[in-house]
Amino acid sequence: MTQRIMILSTDGFEQSELEQPKAALDDAGYQTVVVSLEAGQIRGFSDKEWGDPLNVDLTVDEASADDFDAIVLPGGQINPDILRMNDKAVQLVRDFNAAGKPVAAICHAPWMLVEAGVVQGRTVTSWPSVRTDLANAGANVIDSEVAIDENLITSRNPDDVPAFNAALIKQLNAQAEKNERSLENA
């Protein structure tokens, strides 16, 4: 069965931090589903200009962590700042984390991890201006292209997207193998 990956985003995402992980996941055989606050389309930023519109597949009201295998949180300064003000979006992050499913956040998106209360005692990285918020929430903050702490995968910026994608796909593959072994032993 194909693993379904939620990409939670709204207007103001960093174009490369949504499109490149989505393309990498699609190419690797995963089904990506764009979830946002409202139906229709969202737009990102690319080189300080509004980017191309992207179709929304589901709203946060229609989405449940139970129906997905992982969540990707693209950055951009505007996107996670808007999302962290939405209780349902924040709850989705909590639900994925509580289920031990991969939660992958890049750039400014770790603000969502702070808002969801899932970083205390965890090792993470982010865009430099978000690091104080992470540290104040009890995280062990490092400066690395990717930080992996159990199910949490974080990266700093668009330059880190290849490492971010590789870490997420590696974790998804490991999760799929574990699930297959569990089914065989059942």
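The coordinates are above.
Cut-off values and rules
- Residues numbered from 1 in each chain as written.
- Predicted model: local features only at pLDDT ≥ 70, side-chain atom pairs only at ≥ 80, totals over all residues.
- Heavy atoms only, no water.
- Pairing = 2+ DSSP bridges.
- Helix = DSSP H or I, 4+ residues; strand = E, 2+ residues; numbered from the N terminus.
- Axes fitted to C-alpha atoms, helices over the stretch in contact; angles between N-to-C directions.
- Parallel < 35°, antiparallel > 145°, perpendicular 65-115°, else oblique.
- Left-handed = near helix turned anticlockwise from the far one by under 90°.
- Contact = heavy atoms within 4.5 Å.
- Nonpolar A, V, L, I, M, F, W, Y, C, P; charged D, E, K, R; others polar.
- Core = buried A, V, L, I, M, F, W, Y, C linked by side-chain atoms within 4.5 Å.
- Buried < 20%, exposed > 50% of the residue type's maximum accessible area, 1.4 Å probe, protein only.
- Expected span 1.5 Å × (residues − 1).
- Arc of directions from axis to C-beta.
- Polar contact = N/O pair within 3.5 Å; in protein donor to acceptor, adjacent residues only side chain to side chain.
- Phe/Tyr/Trp six-rings, centres within 6.5 Å; stacked < 30°, edge-to-face > 60°.
- Lys NZ or Arg CZ within 6 Å of the ring centre and 35° of its normal.

**Some points on the sheet that holds strand S5 (residues 49-55)**
Here we have three strands laid out as an open sheet, ordered S2-S4-S5, and mixed in their pairing. Edge strands, defined here as strands with exactly one partner in the open sheet, are strand S2 (13-14) and S5. Two strands pair when backbone bridges link them, and strand S4 (residues 41-46) and S5 are joined in this way by five bridges, in the antiparallel orientation. Residue Arg43 lies in a different strand from S5, and its bridge partner there is Pro53.

**Considering the sheet that holds strand S7 (residues 70-73)**
Read from one edge of the open sheet, seven strands run S6-S3-S1-S7-S8-S12-S11, paired in mixed fashion. The open sheet is flanked by strand S6 (58-59) and strand S11 (147-149), the only strands paired with a single partner. Bridge count for S11 against strand S12 (residues 152-155) is three bridges, and the pairing is antiparallel. Note that in S12 the partner of Asp149 across the bridge is Leu152.

**Concerning the packing of helix H1 (residues 15-27) against helix H6 (residues 161-185)**
Where H1 meets H6, the closest approach of the two axes is 10 Å, and the angle between their N-to-C directions is 40 degrees. The orientation of H1 with respect to H6, classified from their angle, is oblique. Along this stretch, H1 crosses H6, giving a crossing that reads as right-handed. Contacts between H1 and H6 involve Ser16, Glu17, Gln20, Pro21, Ala24 and Leu25 from the former and Val161, Phe164, Asn165, Leu168, Ile169 and Leu172 from the latter. Of the residues assigned to the contact of H1 with H6, the class counts are eight nonpolar, three polar and one charged.

**Re the nonpolar core**
By size, the foremost hydrophobic cluster in this structure holds 30 residues, and its most contacted members are Met6, Leu8, Leu73, Val93 and Leu113. At the level of secondary structure, the elements contributing two or more residues to this core comprise strand S1 (4-8), strand S3 (31-36), S7, helix H3 (87-98), strand S8 (103-106) and helix H4 (110-116). Element by element, the count of residues in this core is highest for H3, at five residues. Leave out the neighbours within four places in its chain, and Met6 touches Val33, Val35, Ala63, Ser64, Phe68, Ala70, Ile71, Val72, Leu92 and Phe96. The next biggest cluster of nonpolar side chains, apart from the first, holds 23 residues, and it includes Ile5, Ala24, Phe164 and Leu168.

**Observations regarding H3**
Over its 12 residues, H3 runs 16 Å from end to end, which matches the ideal 16 Å to within 8%, given 1.5 Å per residue. Buried within H3 we find Ala89, Val90, Leu92, Val93, Phe96 and Asn97. Along the axis of H3, the buried residues cluster in a sector spanning 150 degrees; they form a single face. The outward face of H3, more than 90 degrees from its buried face, is lined by the exposed residues Asp87 and Ala98. The inward-facing, buried residues of H3 abut S1, S7, helix H2 (78-83), S8, H4 and S12. Two or three places before Lys88, at the start of H3, stands the capping residue Asn86, its side-chain oxygen 3.0 Å from that residue's backbone nitrogen. Phi turns positive, to about 75 degrees, at Gly100, one or two residues after H3.

**Examining the packing of aromatic side chains**
Geometry of an aromatic ring pair is reported as the spacing of the ring centres plus the angle between the planes. Overall, the coordinates contain one aromatic pair when judged by the stated rule. Both rings, one in Phe45 and one in Trp50, keep their centres 4.2 Å apart while their planes meet at 35 degrees; by these two values the pair is tilted. The class of Phe45 is partly exposed, set by a relative accessible area of 21%. Above the plane of the ring of Phe68 lies Arg4, whose end atom (NZ or CZ) is 4.4 Å from the centre. Looking at Arg84, its charged tip hangs above the ring of Trp111, at a distance of 4.3 Å from the centre.

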